[in-house]
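Each chain is listed here by its residues.
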Protein chains: 2
Amino acid sequence: MSLFGGIEGGGTKFVCAVGSGPNEIIEEARFPTTTPDETTGKAIHFFKKYLDGPQKITALGVATFGPIDPGKSSPTYGHILPTPKAGWSNYDIVSALKKELELPIHFDTDVNGAALAEAKWGAGKGCDTVLYITIGTGIGGGLYINGSLSHGLLHPEMGHIRIPHDLSKDPFKGSCPFHTDCFEGLAAGPSIEKRWGQKAETLPKDHPAWDIETDHIANALANYILTISPQKIIVGGGVAQQEHILPMVHSKVLKVLNGYVQSEQITKNISSYIVLPELGNMAGVLGALALPIFANG
Amino acid sequence: MSLFGGIEGGGTKFVCAVGSGPNEIIEEARFPTTTPDETTGKAIHFFKKYLDGPQKITALGVATFGPIDPGKSSPTYGHILPTPKAGWSNYDIVSALKKELELPIHFDTDVNGAALAEAKWGAGKGCDTVLYITIGTGIGGGLYINGSLSHGLLHPEMGHIRIPHDLSKDPFKGSCPFHTDCFEGLAAGPSIEKRWGQKAETLPKDHPAWDIETDHIANALANYILTISPQKIIVGGGVAQQEHILPMVHSKVLKVLNGYVQSEQITKNISSYIVLPELGNMAGVLGALALPIFANG
């Protein structure tokens, strides 16, 4: 059995794991995201013991917050691109890891990793086109399409699409520093908190916040459906985990699409079309592990 | 040299061609789209002379208006799905052609065909992710991604995404029978005509119509960029061919994205990133021809 290493590089914590799949994790470590050198140093220390011996890993997957440059022929391949995350702009994380670990490295966004892991092992099993959306501190999307992860020019930034914003129903103007009332600016956790003066997780189920929140989510998901035509949409992140959210989203997506997309998976089975992740709080690091495991499809 | 047949099935006309690429077209025929049997009958008649002999075709590509079912394992594969186009709902065009011509048939949307032809022979040459959008009587998009055409659940219906609609600037409420003010409902040719009481092609360059039209196009293209991250966007269809349109779209897309997508192809070279098609009025039928030619990548 081949073993692999995975690093989930999050904005607040890094998770490292060694294994070969969801039920074959040998060791896991979690530590807070501090400076690039310190954080990467801890990851290197963790993996050093797996460079030789019977538990030797053969490749490393790195799935991080973005924006990143995943383009192998690009001069800034392997870098975190300019980011509001202090100290991390232009950090060449792939070179830093490669120098110390001398392993093949597979580098992608955290959301692409999660899309891949869910497509191979989780809620998207059997589908060749899976959209993974996370709605939490920010909103991001990973796209597994035609059986592989998508990058295109750089990588998608789906959280920043613009959606209709009915100011008479939702007068909050939006909080994205780039686009004000894009999807993330209207619907990410910090926007909910700013709009209502309390954290999303403290709002009761019958609070009007959720009607507005699910309006925005439904408009965005309908746009993704129309643009990408995914076979499965998996909604991760803290906001969507509240159990009353997805049922509201299901009925609103149907209303927005209004019968236009003639697929029974939408018109009859939407509750098994837009779903929660199956890999739970391991989705992130499993996403990183999945990158080398499925590098060839 | 292998020869192929292509059928561009449009809402108003069908175009048939035999050849092997843009500069190798042996014969072409155009006829109006009438009933399914009559129209398909004319196509069959055209191709019958190419079933034997030195100019024998080995496969047929069919790229038609939608919605269609391109899913090979679906019970309605090869059908036109329910459509406002009278007489064509649920028509099994692939079986009708196959019965008379006994050729392998490659079936896709007209816009996917155009995306493939432009990616292989036209403005998207060298890119692995190309978005083709047509803005005319309707608005549709074809997606060549990671080196192949995308279908997912069915196929994209990108013209129907929802975009911000500032009623104080554009009080026209939209004309899509399904979604009222989706992108198509705001920006397709018939919407321009309804909004201003005259056909788009008769409006002068300095008419306020174009400021509103390019607002809508820029919002939609920005959403596609954020969702798909294409390496090239090719804008076909009558509306975008007016030469003052794309330059207005370029500057507005930059404004909407506001520097968020950190790629020089956008930030520095947008006029070579969002471009017109290169295959001109042959794009449609070349799209059909491209389907069998590039069926294996």
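Quick summary incoming for the structure in this document. Since this is a predicted model, take the numbers as computed values, not measurements. (Residues numbered from 1 in each chain as written. Chains lettered and ligands numbered in written order. Predicted model: local features only at pLDDT ≥ 70, side-chain atom pairs only at ≥ 80, totals over all residues. Heavy atoms only, no water.)

Looking now at helix H6 (residues 209-228) of chain A. All names here are of chain A. Its 20 residues give H6 an end-to-end C-alpha distance of 28 Å, which sits within 8% of 28 Å, the value for a rise of 1.5 Å per residue. Buried residues dominate H6, accounting for 18 of its 20 residues. Within two residues after H6, Ser229 carries a phi angle of roughly 60°, on the positive side. (Helix = DSSP H or I, 4+ residues; strand = E, 2+ residues; numbered from the N terminus. Expected span 1.5 Å × (residues − 1). Buried < 20%, exposed > 50% of the residue type's maximum accessible area, 1.4 Å probe, protein only.)

Next up on the list: the relation of the copies chain B and chain A. After a rotation of 180° and a shift along the axis of 0.0 Å, chain B superposes on chain A with an RMSD of 0.0 Å. What we have between these two chains is a two-fold relation. Across chain B, the rotation axis passes nearest the C-alpha of B:Pro164, at a separation of 2.1 Å. A symmetric contact is evident, with 100% of the interface residues of chain B recurring at the interface of chain A. (Least-squares fit on C-alpha atoms with pLDDT ≥ 70 in both. Contact = heavy atoms within 4.5 Å.)

Before going further, it helps to examine the packing of H6(A) against helix H6 (residues 209-228) of chain B. For the pair H6(A) and H6(B), interaxial distance at closest approach is 11 Å and the crossing angle is 80°. By the angle between their directions, the pair H6(A) and H6(B) is classed as roughly perpendicular. Seen from H6(A), the contacting residues are A:Asn223, A:Tyr224, A:Thr227 and A:Ile228; seen from H6(B), they are B:Asn223, B:Tyr224, B:Thr227 and B:Ile228. In terms of residue class, the contact of H6(A) with H6(B) is made up of four nonpolar, four polar and no charged. (Axes fitted to C-alpha atoms, helices over the stretch in contact; angles between N-to-C directions. Parallel < 35°, antiparallel > 145°, perpendicular 65-115°, else oblique. Nonpolar A, V, L, I, M, F, W, Y, C, P; charged D, E, K, R; others polar.)

Before going further, it helps to examine the nonpolar core. Counting residues in each nonpolar core, the largest one holds 86 residues, and the members touching the most others are A:Phe183, A:Leu221, B:Phe183 and B:Leu221. Contacts of A:Leu221, omitting those with residues within four sequence positions, involve A:Ile133, A:Ile233, A:Val235, A:Val249, A:Val253 and A:Ile274. (Core = buried A, V, L, I, M, F, W, Y, C linked by side-chain atoms within 4.5 Å.)

Turning to the pairing of strand S3 (residues 24-32) of chain B, a few remarks are in order. All names here are of chain B. Bridge count for strand S2 (residues 13-21) against S3 is eight bridges, and the pairing is antiparallel. By the bridge assignment, Gly19 is partnered in S3 with Ile25. With antiparallel pairing between neighbouring strands as the criterion, S2 and S3 make up a hairpin whose turn holds two residues. (Pairing = 2+ DSSP bridges.)

A few words now on the interface of chain B and chain A. Residue-level contacts link 43 residues of chain B with 43 residues of chain A. For the pair chain B and chain A, the two sides together bury roughly 3900 Å², of which 58% comes from carbon and sulfur. Summed over the three residues of chain B that lose the most area to chain A, namely B:Leu153, B:Thr227 and B:Tyr260, the buried surface amounts to 20% of that side. For the interface between chain B and chain A, the tally reads zero salt bridges. (Buried area = accessible area lost by both parts, 1.4 Å probe. Salt bridge = Lys/Arg side-chain N within 4 Å of Asp/Glu carboxyl O.)

Here we come to the sheet that holds S2(B). All names here are of chain B. Spatially, five strands are ordered S3-S2-S1-S4-S5 in an open sheet, and the strand pairing comes out mixed. Edge positions in the sheet fall to S3 and strand S5 (105-109), since each has one partner strand and no second. Recorded for the sheet is a direction-independent mean angle of 15° between the axes of neighbouring strands. Each of S2, strand S4 (57-64) and S5 touches helix H3 (residues 110-121); the most contacted strand, S5, lies at about 105° to it.

A few words on the side chain of A:Asp170. Residues and elements named next belong to chain A. With respect to the secondary-structure elements, Asp170 resides in the loop between strand S8 (148-149) and helix H4 (183-187). According to the relative accessible area criterion, Asp170 is buried, its value standing at 2%. A distance of 2.8 Å separates polar atoms of two side chains, one belonging to Asp170 and the other to Arg195. For Asp170, the residues in contact, after removing those within four places along its chain, are His165, Leu186, Arg195, Ile212 and His216. (Polar contact = N/O pair within 3.5 Å; in protein donor to acceptor, adjacent residues only side chain to side chain.)

All names here are of chain B. Judged by how many residues are buried, strand S6 (residues 130-135) sits mostly within the fold: five of six residues are covered. Across six bridges, S6 lies against strand S7 (residues 139-145) in antiparallel orientation. Of the residues in S7, the one forming a bridge with Tyr132 is Gly142. The hairpin formed by S6 and S7 contains three residues between the paired strands. Of the strand pairs in this sheet, S6 and strand S9 (residues 232-236) are connected by five bridges, and their pairing is parallel. Within S9, the position partnered with Tyr132 by the bridge is Ile234.

Among covalent bonds in proteins, the disulfide is the one between the sulfur atoms of two cysteines. Residue and element names in this part refer to chain A. According to the stated counting rule, one finds zero disulfides over all chains in the structure shown. No disulfide involves Cys182; its sulfur sits 3.8 Å from the nearest other cysteine sulfur, which is in Cys176. According to the relative accessible area criterion, Cys182 is buried, its value standing at 0%. (Disulfide = S-S within 2.5 Å.)

Here we come to the sheet that holds strand S5 (residues 105-109) of chain A. Residue and element names in this part refer to chain A. Read from one edge to the other, the open sheet built from five strands follows the order S3-S2-S1-S4-S5, with strand pairing classed as mixed. Both edges of this open sheet fall to strand S3 (24-32) and S5, since each of them pairs with a single strand only. Recorded for the sheet is a direction-independent mean angle of 15° between the axes of neighbouring strands. In the sheet, strand S1 (residues 3-9) pairs with strand S4 (residues 57-64) via six bridges, with the strands oriented parallel. Bridging across to S4, Gly9 finds its partner in Thr64. Sheet strands touched by helix H1 (residues 36-48): S1, strand S2 (13-21), S3 and S4. Its angle to S2, the strand with the most contacts, is close to 25°.

As a further point, take H1(A). Residues and elements named next belong to chain A. Relative to the 18 Å expected for 13 residues at 1.5 Å per residue, H1 spans 18 Å between its end C-alpha atoms, a close match to the ideal helical length. Every buried residue of H1 is listed here: Pro36, Thr39, Thr40, Ala43, Ile44, Phe46 and Phe47. Projected onto a plane normal to the axis of H1, the buried residues spread over an arc of 160° and lie on a single side. The exposed set on the far side of H1, more than 90 degrees from its buried face, consists of Asp37 and His45. Packing partners of the buried residues in H1 comprise S1, S2, S3, S4 and helix H2 (93-101). (Arc of directions from axis to C-beta.)

All right, on to the packing of aromatic side chains then. Residue and element names in this part refer to chain A. Within the structure shown, the criterion is met by 20 aromatic pairs over all chains. Ring plane angle 85° and centroid distance 4.9 Å describe the contact between Phe46 and Phe47, whose orientation is recorded as edge-to-face. The class for Phe46 is buried, based on a relative accessible area of 4%. Judged by its relative accessible area of 0%, Phe47 is buried. Members of the aromatic cluster, connected to one another through ring pairs, are Phe14, Phe31, Phe65, Trp88 and Tyr91. (Phe/Tyr/Trp six-rings, centres within 6.5 Å; stacked < 30°, edge-to-face > 60°.)

The subject of this paragraph is the pattern of salt bridges. All names here are of chain A. Using the criterion set out here, one finds 24 salt bridges over all chains in the structure. Note that Lys252 is salt-bridged to Asp211, the shortest N-O span being 2.5 Å. Note that Lys252 is positioned in helix H8 (residues 245-257) and Asp211 in helix H6, a separation of 41 residues in sequence. When its relative accessible area of 16% is taken as the criterion, Lys252 is described as buried. Taking relative accessible area as the criterion, Asp211 reaches 30% and is therefore assigned partly exposed. When salt bridges with common partners are traced through the structure, they connect Lys169, Asp211, Asp215 and Lys252 into a single cluster.

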